[in-house]
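Listed here are the chains, written in short residue letters.
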Amino acid sequence: MAAARSISCVKHLAESPNLSSIPTNYIYHTDPAETEVEASIPVIDFSLLTSHNPLHKAKAIHDLDQACQDWGFFILVNHGMPEELRQGVLEAAAEFFNLPEAEKPEFEPKNVLSPIRYGTSFNAATDNVFCSRDFLKVFVHPQFASPHKPQSLRQLLPEYCERSRDVVSKLSKAISQSLGLEETEMETELELRSSLQIFVANYYPRCPNPEAAMGILPHSDHGLFTLLIQNDVGGLQIQHHQRWFNVNPPPNSILVNTGDHLEIFSNGKYKSVLHRAVVNDKTARLSIAMANGPSLDAVVAPARRLVEGEGVVAAYAAMKYKDYLLEQQSGQLDGKTMLKRVRIQD
Ligand code: OGA
Ligand code: NI
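One structure accompanies this document, and this report is about it. Everything quoted here is computed from the prediction, not taken from an experiment.

With that settled, the discussion passes to the overall build of the protein chain. Of regular secondary structure, the protein chain possesses nine helices and 15 strands. Projected onto its principal axes, the C-alpha coordinates of the protein chain cover approximately 65 × 45 × 40 Å. Per-residue burial over the protein chain gives 51% buried out of 346 residues. Partitioning the intrachain contacts of the protein chain with sequence separation of at least 6 by distance along the chain shows that 79% fall at a separation of at least 24. Accessible area for the protein chain stands at about 15,800 Å²; split by element, carbon and sulfur atoms hold 51% of it.

Next up, the structure:
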C-alpha cells in the first residue's frame with residue numbers, strides 16, 4: 001500500500017541548512033524596471049462610509065466608487081477592527097505554520113472544497129512555476145470550520161471572521177449604492193446571507209534569491225472583496241495602468257482588493273485588480289487574506305437593474321459561483337484567465 005504522501009512545504013525548504021539558491025521549479029523572473037516604488041493608493045475612511053451624516057456618507061461612497069474604478073484597491077482606515085485582534089490572528093497563524101512538520105499533514109485537503117486546506121504554491125499538482133508560499137485556507141462561512149490547533153487560532157478565528165464579515169457587509173451596501181442600486185440589492189442578488197468566506201493565511205519564507213522567485217503569481221481573486229492584513233513585512237504589489245506598485249500600508253489599516261465577482265456584478269465598472277506578492281531575503285512575511293464572495297449557490301451575472309436599460313448589454317455570462325470557483329482553483333494561477341471565460345466579447 002502506498003504511504004500517504006504529504007506536501008513539501010516551502011517553509012521547510014527555506015529552513016534547510018546551506019540553501020543558497022532556490023530549486024529551478026521556483027524560478028520566476030520579473031522586470032525590476034516594471035515596479036514603481038511610490039504610489040498614492042486611495043484611502044477610504046470606513047467610519048465615514050457608515051456615518052449618520054448624509055454628506056459625509058455620500059462623499060465616502062463617492063471616494064469608494066473612484067477607488068474601485070481607478071485602482072480596484074484601497075486602504076481602509078477607521079475600520080473598527082481591534083488592533084489586538086489583528087495582531088493576535090497574525091500571531092496565531094504564525095503559530096500554525098510553526099507547528100512541527102509531522103503535525104501538518106492532517107490538514108492537507110481531499111479536494112478544493114475541503115473546508116480546511118493546508119498546502120504550498122497555488123495548486124501544487126499542476127503548477128509549472130511554484131509560488132514561494134505555504135498557505136492555510138479555511139472555509140469559515142456559511143459553515144464555520146477551524147483547525148483544532150493551535151489553540152490561539154481556534155480562539156480568535158470566530159471573532160475575526162465575524163468582524164471581517166461585518167466590514168464587508170457594510171462595504172457591499174455602499175458599493176450597491178455607488179452602482180446606483182438600492183442599498184440591499186447586492187446582498188439580495190448575490191445571496192450574501194450565506195456568503196462564502198475563506199480565511200487564507202499565507203506564509204512567505206525568507207528567500208535566498210528573491211529576485212528570481214515569486215511569493216504568489218499575478219492573479220485576481222475570485223470573490224467580491226478580499227481584506228488583507230500582514231505582519232510588518234511588505235511584499236504585496238498591485239497592477240495599475242500596466243505597472244506594478246508596491247503597497248506599504250499604514251499601521252492598523254486593512255487592505256482591500258476587488259475580485260472577479262464584483263467585476264461581473266458591476267458589469268465591468270469595477271475591474272478586479274491583478275496583484276502578486278514578492279519575497280525578500282531578510283524576513284519571513286505572513287499575510288491573512290479574508291476572501292468574501294457571493295453564496296456558492298448564487299448564479300452570478302451583472303446586476304439586473306444595470307443591464308435593463310435600452311442599449312445596455314450584459315458583458316459577462318451568468319455562472320454559478322461554485323462552478324467558477326472549482327474551475328479557477330483546479331487550474332494554474334494565471335492572471336485573469338478564468339474571468340475571460342465568462343466575459344462576453346463585444
Ligand atoms: C491571496 C493574495 C497577497 C499577499 O492570498 O490571494 O493575493 O500579499 N495574497 O499575501
Ligand atoms: Ni489574491
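What follows is about helix α5 (residues 151–178). Since one α-helical turn is 3.6 residues long, residues separated by three or four positions face the same way. Taking 1.5 Å of rise per residue, 28 residues should cover 40 Å, and α5 covers 41 Å from first to last C-alpha, within 8% of that figure. When the local axis directions of α5 are compared, the greatest deviation, roughly 35°, occurs at leucine 157, which is followed within four positions by the proline proline 158.

This part is about the packing of helix α4 (residues 83–97) against α5. The geometry of α4 relative to α5 is characterised by a closest axis approach of 9 Å and an angle of 135° between their N-to-C directions. Here α4 is positioned oblique relative to α5, judged by the angle of their axes. The chirality of how α4 crosses α5 is left-handed. Listed contacts from α5 to Leu85, Gly88, Val89, Ala92, Ala93, Glu95 and Phe96 of α4 are Ser152, Leu153, Leu156, Glu159, Tyr160 and Arg163.

Before going further, it helps to spend a moment on the pattern of salt bridges. Oppositely charged side chains can form a pair if their charged atoms are brought close together. Within this structure, the stated rule accounts for 15 salt bridges. The partner of lysine 336 in a salt bridge is glutamate 263, with the nearest N and O atoms 3.0 Å apart. Taken together, the residues span a long stretch of sequence, with lysine 336 in the loop between α8 (321–330) and α9 (337–342) and glutamate 263 in helix α7 (residues 260–265) at a distance of 73 residues. One salt bridge in this structure joins aspartate 281 and lysine 282, with 3.3 Å as the shortest N-O distance. Under the relative-accessibility criterion, lysine 282 is labelled exposed at 65%.

What follows concerns the coordination of the nickel ion (ligand 2). The nickel ion (ligand 2) binds to the protein through His219 (NE2), Asp221 (OD) and His275 (NE2); the donor distances cover 2.1 to 2.2 Å. Along the chain, the residues donating to the nickel ion (ligand 2) fall in the pattern H-x1-D-x53-H. Note that aspartate 221 is positioned in the loop between β7 (216–219) and β8 (225–230) and histidine 275 in strand β12 (residues 275–277), a separation of 54 residues in sequence.

Within the structure, ligand 1 sits among Asn202, Tyr204, Ile216, His219, Asp221, Leu228, Leu236, His275, Arg285, Ser287 and Ala289. In this structure, an oxygen atom belonging to ligand 1 sits 2.6 Å away from a side-chain N or O atom of tyrosine 204. Side-chain polar atom of arginine 285 to an oxygen atom of ligand 1: 2.8 Å apart, as the coordinates give it. Here ligand 1 loses 94% of its free accessible area of 290 Å² to cover by the protein chains. More than half of the atoms belonging to ligand 1 lie within 2 Å of the grid points that define the largest cavity. Those elements that provide at least two residues to the shell around ligand 1 are β6 (195–204), β7 and β13 (285–295). Sort the elements by how many residues they give to the shell around ligand 1 and β13 lands first, with three residues. Its residues assigned to classes, the shell around ligand 1 shows five nonpolar, four polar and two charged.

Conventions adopted
- Residues numbered from 1 in each chain as written.
- Chains lettered and ligands numbered in written order.
- Predicted model: local features only at pLDDT ≥ 70, side-chain atom pairs only at ≥ 80, totals over all residues.
- Heavy atoms only, no water.
- Helix = DSSP H or I, 4+ residues; strand = E, 2+ residues; numbered from the N terminus.
- Buried < 20%, exposed > 50% of the residue type's maximum accessible area, 1.4 Å probe, protein only.
- Contact = heavy atoms within 4.5 Å.
- Areas by Shrake-Rupley, 256 points an atom, 1.4 Å probe, with all protein chains shown as cover.
- Expected span 1.5 Å × (residues − 1).
- Bend = angle between axes of the 7 residues up to and from the residue.
- Axes fitted to C-alpha atoms, helices over the stretch in contact; angles between N-to-C directions.
- Parallel < 35°, antiparallel > 145°, perpendicular 65-115°, else oblique.
- Left-handed = near helix turned anticlockwise from the far one by under 90°.
- Salt bridge = Lys/Arg side-chain N within 4 Å of Asp/Glu carboxyl O.
- Donors = N, O, S within 2.8 Å, 3.2 Å for Na, K, Ca; no water.
- Near = heavy atom within 4 Å.
- Polar contact = N/O pair within 3.5 Å; in protein donor to acceptor, adjacent residues only side chain to side chain.
- 1 Å grid on protein atoms, 1.4 Å probe; cavity = no way out; pocket = protein on both sides within 12 Å on 5 of 7 lines; lining within 4 Å.
- Sits in = over half its atoms within 2 Å of the grid points.
- Nonpolar A, V, L, I, M, F, W, Y, C, P; charged D, E, K, R; others polar.

On their own, these measurements won't tell you what the molecule is for.
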